[in-house]
Amino acid sequence: MDTYTRLRELTGGLTAYLAVYGCQQNQADGDRLRGSLLAMGYRLTQDHTEADLLVLVTCAVRKHAETKLLGHLGEYLRTGKPGVKAVLCGCMAQREEVRELLRTSYRQVALTFGPADIGRFPEYMLTLLTEGGRRLYASPDTAPIGEDIPLARLPEDGRANVTIMTGCDNFCSYCIVPYVRGRERSRAPEAVLEEVRGLVAGGVREIWLLGQNVNSYRPDFSELLRACGSFDGDYTVRFMTSHPRDAGRRLFSAIAETPRVAPILHLPVQSGSNAVLKAMNRGYTREEYLEKIRLAKELIPRVALTSDVIVGFPGETERDFLDTLDLLKEVGFAKLFTFQYSPRSGTPAAELPQTLTPEEMKERFLRLLALQKEIERRGGVIPPAG
Ligand code: SAH
Ligand code: SF4
Ligand code: F3S
């Protein structure tokens, strides 16, 4: 008897509640976990108080995300059914200090596993349901993206997430993602195209190709993008995220020359200061970044540019911060995602002394928000003074 058949015998009448936090990659993983739960025979509920099993897909990118998640977990457990069990998967599950905390302080968490182990969820659940006990696992960081995992998407306004690669080998000095998501792995182009073809045939209008750095997709992202936009149907293709170091003429031309690819480019700059970019290990200078923006504007008609910025990286001076503000004025991003630096243990930047007080950090953050609001109000670039 196969694992799913045995599980369906064990779960008859049982109910599960799935909550997904974090980035779109987690949303895409959530579709696989939802598919797996249904294949295991669970009935899904929107109400955690009637669930026998809670499944939380977690994010570790900033401390705030982790603190909030633990708050939700505590609340779910307090107000949940007596005897409810919790499964914690996603990026936090990869962190030893998180598993240690769960081991000692959250006894109803019966299972953890990392993002690379979704394919083993049924096997873990079978052990849990037949043998009981607690299993707090992390996952290997090189496991391939499972092609045979059942997928159950929510019919969200006709849009669908399609993971094309996972992991990150960039090791920006502040970032936990390479440690929790592991090494870069790509899906085969045939598998991606087959999935996109099926979604388009099923009437999906907006397809998001997802990866921590889609430019690291192998064999070739620009070609995949063109191919994803080549099916008959009324749909657009978008993608997230491309690293500025690897983005250039080939990618911009692919966007410009593929009508079904939306002319939107999310190119996270993080800082406008060369000293900070270097300390962040971003692999490009301010000038190189601006040159790519110039090229993108030249090649992609009416391109909408968006970005991410971190304020308060260790050692960021007022001058460095002003360089960031200047860059924002020069580019005129249509939308900006802004973050206060959050030290993540295990990353090189967490070893550096923090040079800003929380008040100074907040003050810079508010100036950044105010400037971006002004840029958006004026519909783009702010001309230099004088
Ligand atoms: N792979 C994507 C980003 C993933 S994380 C990329 O490289 O663009 C999303 C954003 O979170 C990052 O772009 C960065 O701006 C922010 N971020 C990552 N680690 C952070 C940290 N330790 N503190 C504050 N913001 C962080
Ligand atoms: Fe993190 Fe940098 Fe990788 Fe993005 S490219 S996920 S910021 S290490
Ligand atoms: Fe968070 Fe993991 Fe995404 S740390 S941002 S859920 S890759």
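I will try to describe carefully the structure that is included in this document. (Residues numbered from 1 in each chain as written. Chains lettered and ligands numbered in written order. Predicted model: local features only at pLDDT ≥ 70, side-chain atom pairs only at ≥ 80, totals over all residues. Heavy atoms only, no water.)

Observations regarding the pattern of salt bridges
- In the structure shown here, the tally under the stated rule is 33 salt bridges.
- Note that Arg95 and Glu66 form a salt bridge whose closest N and O atoms lie 2.8 Å from each other. Taken as a pair, Arg95 in the loop between strand S4 (85-90) and helix H4 (96-105) and Glu66 in helix H3 (residues 63-79) lie far apart in primary sequence, 29 residues in all. For the pair shown, Arg95 and Glu66 are each scored as buried.
- The partner of Glu298 in a salt bridge is Arg294, and the shortest N-O contact between them spans 2.9 Å. Here the residue Glu298 and the residue Arg294 both occupy positions in helix H11 (residues 286-299), the gap between them amounting to four residues, near one helical turn. (Salt bridge = Lys/Arg side-chain N within 4 Å of Asp/Glu carboxyl O. Helix = DSSP H or I, 4+ residues; strand = E, 2+ residues; numbered from the N terminus. Buried < 20%, exposed > 50% of the residue type's maximum accessible area, 1.4 Å probe, protein only.)

Section: the site of ligand 1
- Neighbouring ligand 1 are 15 residues, the closest being Gln212, Pro268, Gln270, Asp308 and Ser342.
- At 3.1 Å, a backbone N or O of Tyr174 approaches a nitrogen atom of ligand 1.
- A distance of 2.7 Å is found between a nitrogen atom of ligand 1 and a backbone nitrogen or oxygen belonging to Gln212.
- About the coverage of ligand 1: the protein hides 88% of its 540 Å² of free accessible area.
- Residue composition of the shell around ligand 1, grouped by class: six nonpolar, five polar and four charged.
- Among the domains, domain 2 (155-260) and domain 3 (263-386) are the pair contributing at least three residues each to the shell around ligand 1. (Near = heavy atom within 4 Å. Polar contact = N/O pair within 3.5 Å; in protein donor to acceptor, adjacent residues only side chain to side chain. Areas by Shrake-Rupley, 256 points an atom, 1.4 Å probe, with all protein chains shown as cover. Nonpolar A, V, L, I, M, F, W, Y, C, P; charged D, E, K, R; others polar. Domains from an automatic or database assignment.)

Observations concerning the site of ligand 3
- Taken together, Cys23, Asn26, Cys59, Ala60, Val61, Cys91, Arg181 and Gln212 make up the full set of residues near ligand 3.
- Class assignment for the residues of the shell around ligand 3 results in five nonpolar, two polar and one charged.

Quick word on the sheet that holds strand S10 (residues 206-210)
- Spatial strand order, S7-S10-S11: three strands in an open sheet with parallel pairing. The strands lining the two open edges of the sheet, one partner per strand, are strand S7 (159-163) and strand S11 (236-240). Pairwise comparison of adjacent strand axes, ignoring direction, gives a mean angle of 25° for this sheet.
- In this sheet, S10 lies alongside S7 in parallel orientation, the contact comprising five bridges. Each bridged residue has a counterpart across the sheet, and for Thr163 the counterpart in S10 is Leu210. (Pairing = 2+ DSSP bridges. Axes fitted to C-alpha atoms, helices over the stretch in contact; angles between N-to-C directions.)

Section: the environment of Pro358
- Tracing the chain through its elements places Pro358 in helix H13 (residues 358-377).
- Sequence spacing of Pro358 and Gln340 is 18 residues, and the spatial spacing of their C-alpha atoms is 9.5 Å.

Quick look at helix H9 (residues 249-257)
- What H9 keeps buried is the set Leu251, Phe252, Ser253, Ala254 and Ile255.
- Looking at the buried positions of H9, the neighbouring elements they touch are helix H8 (221-228), S11, strand S12 (264-266) and H11. (Contact = heavy atoms within 4.5 Å.)

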